Amino acid sequence: MVRIKRVVAVAVLLSGASALPRRRKLYHRQEELPPAEERTQAVIGAFRTAWDGYYQYAFPNDELLPQTNDFGNSRNGWGASAVDALSTALVMQQKDIVNQIIDYIPTIDYYETKTEVSLFETTIRYLGGMLSGYDFLTGPLADLADNKTNVEALLEQSKTLANALSYAFDTPSGVPYNNLNFATRGNDGASDNGLATVGTLILEWVRLADLSGNSTYGDLAAKAEQYLLNPTPSPSEPWPGLVGSAISIETGVFTNANGGWNGGTDSFYEYLIKMYIYDPSRFSDFADRWVLAIDSSIAHLASSPKPRPDITFLAAYNGQNLSLISQHLACFDGGNFILGGQVLHRQDYIDFGLELVNGCHETYIQTATHIGPETFGWDPAAVPADQASFFNRTGFYIRDGGYQLRPEVIESYYYAYRATGDAKYQEWAWDAFQAITATTRVGSGYSSISDVNAEGGGRFTNFQESFWFAEVLKYSYLIHAEEAEWQVSREGKNKWVFNTEAHPFRVAGGE
Ligand SMILES: *[C@@H]1O[C@H](CO)[C@@H](O)[C@H](O)[C@H]1NC(C)=O
Ligand SMILES: *[C@@H]1O[C@H](CO)[C@@H](O)[C@H](O)[C@H]1NC(C)=O
Ligand SMILES: *[C@@H]1O[C@H](CO)[C@@H](O)[C@H](O)[C@H]1NC(C)=O
Ligand SMILES: *[C@@H]1O[C@H](CO)[C@@H](O)[C@H](O)[C@H]1NC(C)=O
């Protein structure tokens with residue numbers, strides 16, 4: 001659930017695949033939930049299919065273009081899918097793939113890239129993937145590594161990568177630049193950085209500091225985070241805990257008052273409670289800010305569509321004006337409310353989170369493919385004429401019907417299941433997994449699609465995102481999998497915490 005909008009290279013979307021024949025398997029809902037073993041094996045099967053296609057046609061590039069058996073490099077060409085797949089291969093205990101990945105990681109040259117580097121994307125995918133691999137392979141899954149040198153290299157390469165990135169924080173305020181040019185040690189000249197891109201570094205950089213013993217990594221991220229925890233000027237915090245979306249790199253002050261739980265601001269809120277889970281003694285003030293944001297969201301952002309008073313979404317805002325628009329990206333919110341509710345023993349937060357999970361479930365089950373759209377709205381004054389009856393029935397209209405193999409809805413089903421033990425959420429996750437794999441399977445893997453509300457999903461847009469491995473397949477697997485110490489705890493006592501890319505880290509003092 002990230003968070004900021006992922007940029008898919010335009011060249012990829014324009015690649016001339018449109019003349020190829022398309023697979024058009026229509027999705028049909030299965031009434032019976034098969035045994036758990038069958039469900040976990042099906043998810044592992046999808047993971048291995050996607051991995052094999054990537055390994056054959058794209059490795060060690062970043063992504064597979066499944067329809068054309070080609071590759072993309074949207075994440076600096078360091079092998080994003082391989083690094084992002086590691087922690088999922090680990091929890092699924094796919095030893096051969098684990099070793100293919102950890103044999104490769106020591107060979108990455110993180111100082112070398114021809115394209116702009118995103119501090120945020122690099123942190124959540126590469127740093128997150130390697131640190132999680134290190135935590136598992138020095139901990140409960142150590143037996144899966146054939147070569148201990150490769151395990152140590154996960155931490156060494158994490159330090160190397162962070163050292164390469166760290167000049168981003170060398171600004172007057174300590175708020176980093178997000179977009180870096182390694183060749184010139186420069187940046188894109190932006191005057192502001194975003195809430196999510198600044199506020200979704202702290203977990204990874206603090207974990208690296210704790211594992212490496214070099215506190216500088218954590219201090220860099222913590223200094224930037226201080227501006228987010230103590231926002232100025234006051235109009236940029238329209239309600240307590242809910243803040244704007246852009247921060248001046250020069251001064252650390254907020255430059256607007258737009259926000260909510262959509263892409264660009266989302267994972268700042270996610271990490272407030274996750275830092276408290278990581279280490280409640282060092283990060284209790286993060287939990288205080290999270291509680292403020294949650295209370296304000298429940299009081300001011302909760303919104304039910306006119307034709308469907310039974311469902312709840314969270315609105316976005318500009319100052320105190322609401323905008324009735326949400327996104328697939330925002331659908332991690334239910335899971336995050338539930339997680340925090342468990343940890344802080346707040347049943348009201350869990351109950352509200354379950355309402356949000358139900359709203360996002362509706363965005364899935366109402367479409368032709370049983371997959372939810374990228375962006376949707378519920379302002380009755382803004383419904384396109386051709387969606388009027390759809391809106392009357394469903395309570396939302398589709399603003400962007402694409403689906404880019406995003407995880408957030410299944411992620412929230414996972415937290416809902418872990419909190420309640422209610423098999424309904426496993427059914428929802430199984431239904432979503434069936435719908436997604438039936439609709440997006442093409443060529444050597446799984447592809448983004450153009451229209452979730454067209455039979456068969458519209459066009460294949462020929463891109464298999466790295467977070468398909470890291471997130472969708474991990475949450476789809478874990479919700480049906482056996483108990484393990486890395487599974488989210490029902491009692492709110494977690495030994496592991498998942499970064500925003502679904503890479504689990506051992507909590508501080510958890511070893
Ligand atoms: C283990 O990995 C290291 C670093 O990748 C490599 O140099 C070494 O040859 C490997 N050892 C074995 C036994 O494969
Ligand atoms: C600790 O990390 C910082 C930030 O990357 C780096 O500049 C410094 O050299 C590191 N210190 C040691 C002792 O490695
Ligand atoms: C909020 O809406 C009011 C009334 O339409 C408008 O005057 C005001 O400028 C809006 N505020 C923002 C921050 O957009
Ligand atoms: C949608 O509902 C409104 C209010 O009930 C009604 O006026 C309108 O005719 C309906 N539109 C369609 C297309 O069903």
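Residues numbered from 1 in each chain as written. Chains lettered and ligands numbered in written order. Predicted model: local features only at pLDDT ≥ 70, side-chain atom pairs only at ≥ 80, totals over all residues. Heavy atoms only, no water.

Undergrad: Could you clarify how one ought to interpret the site of ligand 4 in this entry?
TA: Residues in close proximity to ligand 4 include Ala388, Ser389 and Asn392, which together make up its full environment. In the model, an oxygen atom of ligand 4 is placed 2.3 Å from a nitrogen or oxygen of the Asn392 side chain. (Near = heavy atom within 4 Å. Polar contact = N/O pair within 3.5 Å; in protein donor to acceptor, adjacent residues only side chain to side chain.)

Undergrad: Teacher, can you tell me more about the sheet that holds strand 11 (residues 316–318) here?
TA: With antiparallel pairing, the 3 strands of this open sheet are ordered in space as 8-11-12. Where the open sheet ends on each side, the last strands, each with one partner, are strand 8 (258–259) and strand 12 (321–323). Relative to strand 11, strand 8 runs antiparallel, the two being bridged by 2 bridges. Paired with Asn258 across the two strands is Asn318, which belongs to strand 11. (Pairing = 2+ DSSP bridges. Helix = DSSP H or I, 4+ residues; strand = E, 2+ residues; numbered from the N terminus.)

Undergrad: Help me out: how do you make sense of the packing of aromatic side chains in this one?
TA: A ring pair, where both rings are aromatic, is described by two values, the distance of the centres and the angle of the planes. Overall, the coordinates contain 39 aromatic pairs when judged by the stated rule. Measuring from ring centre to ring centre gives 5.5 Å for Phe337 and Phe352, while their planes differ by 35°; the resulting arrangement is tilted. Here Phe337 is found in helix 12 (residues 333–344), whereas its partner Phe352 is found in helix 13 (residues 347–365), with 15 residues between them in sequence. Exposure remark for Phe337: the relative accessible area of 0% places this residue in the buried category. With relative accessibility at 12%, the residue Phe352 sits in the buried group. Measuring from ring centre to ring centre gives 6.4 Å for Phe391 and Tyr397, while their planes differ by 65°; the resulting arrangement is edge-to-face. When its relative accessible area of 6% is taken as the criterion, Phe391 is described as buried. (Phe/Tyr/Trp six-rings, centres within 6.5 Å; stacked < 30°, edge-to-face > 60°. Buried < 20%, exposed > 50% of the residue type's maximum accessible area, 1.4 Å probe, protein only.)

Undergrad: Would you take a moment to explain the nonpolar core for this structure?
TA: Side chains of nonpolar character tend, in soluble globular proteins, to be buried together. Grouped together as the largest cluster of nonpolar side chains are 149 residues, with contacts concentrated most on Ile105, Trp205, Trp261, Tyr269, Tyr403 and Tyr413. Here this core takes 10 residues from helix 5 (residues 119–137), the largest share from any one element. Excluding anything up to four places from it in sequence, Ile105 contacts Val83, Leu86, Met130, Leu154 and Gln157. Counting 10 residues, the second-largest nonpolar core is a separate cluster that includes Ile311, Phe313, Ala315 and Phe390. (Core = buried A, V, L, I, M, F, W, Y, C linked by side-chain atoms within 4.5 Å. Contact = heavy atoms within 4.5 Å.)

Undergrad: When you look at the pattern of salt bridges in this model, what are you seeing that I'm missing?
TA: A pair can form between side chains of opposite charge whenever their charged atoms are brought close. Under the definition given, this model contains 17 salt bridges. Across the pair Arg346 and Asp348 runs a salt bridge whose closest N-O atoms are separated by 2.7 Å. Since its relative accessible area comes to 38%, Asp348 is described here as partly exposed. Taken together, the shared-partner salt bridges in this structure form one network comprising Glu121, Arg125, Glu465 and Glu501. (Salt bridge = Lys/Arg side-chain N within 4 Å of Asp/Glu carboxyl O.)

Undergrad: What should I look at first to understand the site of ligand 2 in this one?
TA: Neighbouring ligand 2 are Asn163, Ser166, Asn214, Thr216 and Tyr217. Side-chain polar atom of Asn163 to an oxygen atom of ligand 2: 2.7 Å apart, as the coordinates give it. Residue Asn214 places a side-chain N or O atom 2.4 Å away from an oxygen atom belonging to ligand 2. Burial of ligand 2 by the protein chains amounts to 44% of its free accessible area of 360 Å². Of the residues assigned to the shell around ligand 2, the class counts are 1 nonpolar, 4 polar and no charged. (Areas by Shrake-Rupley, 256 points an atom, 1.4 Å probe, with all protein chains shown as cover. Nonpolar A, V, L, I, M, F, W, Y, C, P; charged D, E, K, R; others polar.)

Undergrad: Would you mind showing me how to read the side chain of Gln342 here?
TA: Among the secondary structure elements, Gln342 is positioned in helix 12. For Gln342, a relative accessible area of 4% gives the class buried. Here Gln342 is in contact with Ile350, Arg418, Ala419, Val488, Ser489, Arg490, Glu491 and Gly492, once residues within four sequence places are set aside.

Undergrad: Sorry, what's going on with the UniProt feature "active site" (unreviewed entry) in the chain here?
TA: In the numbering used here, UniProt assigns the feature "active site" (unreviewed entry) to Glu121, Asp266, Glu374 and Glu408. Mapped onto the secondary structure, Asp266 falls in helix 10 (residues 266–278). Overall, Asp266 belongs to the buried group, its relative accessible area being 0%. When you line up the elements, Glu374 lands in the loop between helix 13 and strand 14 (375–377). Taking the relative accessible area as the measure of exposure, Glu374 reaches 1% and is therefore buried. (UniProt positions renumbered as here; feature names shortened; annotations may be inferred.)

Undergrad: Help me understand the side chain of Thr113 in this model?
TA: Relative to the helices and strands, Thr113 resides in the loop between helix 4 (95–104) and strand 3 (117–118). Within the structure, the side chain of Thr113 is placed 3.3 Å from the side chain of Asn76, a separation counted as a polar contact. There is a polar contact of 3.3 Å between the side chain of Thr113 and the backbone nitrogen of Thr115. Those residues in contact with Thr113, other than ones at most four positions away along the chain, are Asn76, Trp78 and Phe182.

Undergrad: How do you make sense of the state of the cysteines when you look at a structure like this?
TA: Note: disulfide means a covalent bond formed between the sulfur atoms of two cysteine side chains. The full count for this structure, using the stated rule, is 1 disulfide. Linked covalently through their sulfurs, Cys331 and Cys360 form a disulfide whose S-S length is 2.1 Å. For the disulfide bridge between Cys331 and Cys360, the dihedral angle about the S-S bond is near -90°, and by the sign convention the bridge is left-handed. Taken as a pair, Cys331 in the loop between strand 13 (325–327) and helix 12 and Cys360 in helix 13 lie far apart in primary sequence, 29 residues in all. Judged by relative accessible area, Cys360 falls into the buried class, the value being 5%. (Disulfide = S-S within 2.5 Å.)

Undergrad: Where do I start with helix 17 (residues 466–478) in this structure?
TA: With 13 residues, helix 17 extends 18 Å from end C-alpha to end C-alpha; this agrees with the ideal 18 Å at 1.5 Å per step. Most of helix 17 is tucked away, with 13 of its 13 residues classed as buried. (Expected span 1.5 Å × (residues − 1).)

Undergrad: Honestly, the packing of helix 15 (residues 408–420) against helix 16 (residues 423–440) in this entry has me stumped. Any pointers?
TA: Between two packed helices, both the angle of their axes relative to each other and the distance between the axes serve to describe the pair. Where helix 15 contacts helix 16, the two axes come as close as 8 Å, and the packing angle between them is 160°. Between helix 15 and helix 16, the angle falls in the class roughly antiparallel. As for the relative orientation of helix 15 and helix 16, their crossing is left-handed in sense. Mapping the contact onto sequence places Ile410, Tyr413, Ala416, Tyr417 and Thr420 in helix 15 and Ala423, Tyr425, Gln426, Trp428, Ala429, Ala432, Phe433 and Ile436 in helix 16. A breakdown of the residues in the contact of helix 15 with helix 16 according to their chemical character gives 11 nonpolar, 2 polar and no charged. (Axes fitted to C-alpha atoms, helices over the stretch in contact; angles between N-to-C directions. Parallel < 35°, antiparallel > 145°, perpendicular 65-115°, else oblique. Left-handed = near helix turned anticlockwise from the far one by under 90°.)

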